[in-house]
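Structural overview for review
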Amino acid sequence: MIYFVTGNKGKHAEARAIFGDLVQKDIGYTEIQADTLEEVAAYGMKEVSSRLEGPVMIEDAGLFVDALHGFPGVYSAYVQKTIGNSGILRLMERVEKRSAYFKSVVAYAEPGQESVMFKGEVHGKIGFEERGRKGFGYDPIFYVDDISLGEMEIEEKNRISHRAASMNALKEWLEARKG
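Residues numbered from 1 in each chain as written. Predicted model: local features only at pLDDT ≥ 70, side-chain atom pairs only at ≥ 80, totals over all residues. Heavy atoms only, no water.

**Considering the packing of helix α1 (residues 9–19) against helix α6 (residues 162–178)**
To keep it simple, the criterion reads: Here an angle of 0 to 180 degrees is reported between the N-to-C directions of two axes, which are lines fitted to C-alpha atoms, with helices fitted over the stretch in contact. A run of DSSP states H or I qualifies as a helix once it reaches four residues; a run of E qualifies as a strand once it reaches two. Both are numbered from the N-terminal end. For any helix crossing, the convention is left-handed if the near helix is rotated counterclockwise from the far helix by under a right angle, and right-handed if that rotation is clockwise. We call two residues in contact whenever any of their non-hydrogen atoms come within 4.5 Å of each other. Polar here means any residue other than Ala, Val, Leu, Ile, Met, Phe, Trp, Tyr, Cys and Pro, which are nonpolar, and Asp, Glu, Lys and Arg, which are charged; Gly is therefore polar.
Contact pair α1 / α6: the axes reach a minimum separation of 10 Å and the direction vectors enclose 40°. Both α1 and α6 take part in a crossing whose hand is right-handed. Counting all contacts with α1, which are made through Lys 11, Glu 14, Ala 15, Ile 18 and Phe 19, the residues of α6 involved are Arg 163, Ala 164, Met 167, Asn 168, Leu 170, Lys 171 and Leu 174. A breakdown of the residues in the contact of α1 with α6 according to their chemical character gives seven nonpolar, one polar and four charged.

**Let's talk about unusual backbone geometry**
Using the following cut-off: Buried, partly exposed and exposed residues are distinguished by accessible area as a fraction of the type maximum, computed with a 1.4 Å probe on protein chains only: under 20%, between the cut-offs, and over 50%, respectively.
With omega at 5°, the peptide bond leading from Phe 71 into Pro 72 counts as cis. Its location among the elements puts Pro 72 in strand β4 (residues 72–73). Located in the positive-phi region is His 69, a residue other than glycine, with phi close to 55°. Topologically, His 69 is positioned in the loop between β3 (56–65) and β4. Take His 69: its relative accessible area is 78%, and that puts it in the exposed class. The backbone phi angle of Asp 146 is positive, close to 65°, even though this residue is not glycine.

**Remarks on helix α4 (residues 84–91)**
Within the sequence span of α4, burial applies to Gly 84, Asn 85, Gly 87, Ile 88 and Leu 89. Turning to α4, the residues buried within the fold contact β4, α3 (76–82) and β6 (116–126).

**Overview of the packing of aromatic side chains**
Selection criterion: Between rings of Phe, Tyr and Trp, where Trp is taken as its six-membered ring, a pair exists when centres lie within 6.5 Å; planes separated by under 30 degrees are stacked, by over 60 edge-to-face, and by other angles tilted. Placement of a positive charge over a ring is assigned whenever Lys NZ or Arg CZ falls within 6 Å of the ring centre and within 35 degrees of the normal to the ring plane.
Taken as a whole, this structure holds four aromatic pairs when the rule is applied. Both rings, one in Phe 64 and one in Tyr 101, keep their centres 5.1 Å apart while their planes meet at 10°; by these two values the pair is stacked. Here Phe 64 is found in strand β3, whereas its partner Tyr 101 is found in strand β5 (residues 99–109), with 37 residues between them in sequence. Judged by relative accessible area, which is 14%, Phe 64 ranks as buried. Members of the aromatic cluster, joined through ring pairs, are Tyr 108, Phe 118 and Trp 173. Note that Arg 98 overlies the ring of Phe 128, its terminal NZ or CZ placed 3.9 Å from the centroid.

**A look at the side chain of Ser 166**
Quick note on the threshold: Polar contact criterion, stated in full: a pair of N or O atoms within 3.5 Å, where within protein one must be able to donate a hydrogen and the other to accept it, and residues adjacent in sequence count only if both atoms are side-chain atoms.
Following the sequence through the fold, Ser 166 ends up in helix α6. For Ser 166, a relative accessible area of 0% corresponds to the buried category. Only 3.0 Å separates the side chain of Ser 166 from the backbone oxygen of Arg 163, close enough to count as a polar contact. When neighbours within four sequence positions are excluded, Ser 166 is seen to be in contact with Ser 104, Val 106, Phe 118, Lys 119 and Gly 120.

Here it is in structure tokens:
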């Protein structure tokens with residue numbers, strides 16, 4: 001059993017579809033202002049692994065829009081709360097090059113051990129409108145092959161998503177350690 005520290009029910013649902021036995025712990029942790037998702041995850045992992053007994057993981061993700069020079073990036077959660085999808089669409093008005101990617105970093109630690117990190121990315125584009133009510137966050141405006149992540153069921157999203165890639169890498173690493 002692994003403790004997944006997140007207050008985001010959507011993240012937990014996606015992770016549970018991959019791991020099965022996963023316990024959500026909404027205990028919060030300090031998300032530092034940093035240049036990379038890896039720095040945010042490493043700092044957060046130090047905090048949560050000292051507060052919980054047992055295997056623990058956290059995940060930090062960001063949307064990186066090429067035309068916006070990687071914005072919102074590490075500030076994705078804050079930007080989602082403040083301007084939301086409609087704000088990103090407004091920033092992208094009259095922009096032709098709409099390429100973007102999601103990146104996920106999962107940090108994992110067991111008691112007395114250093115944390116390890118796993119990364120995943122999915123490349124796509126920012127659509128011209130929100131489509132779909134599934135998923136969460138930027139999913140309705142992020143398109144892969146002309147379908148938004150907001151239109152995908154969890155199983156379909158987990159075949160291609162950044163979060164699924166990083167979590168599947170962790171799962172494979174854990175399975176390889178079992179022998």
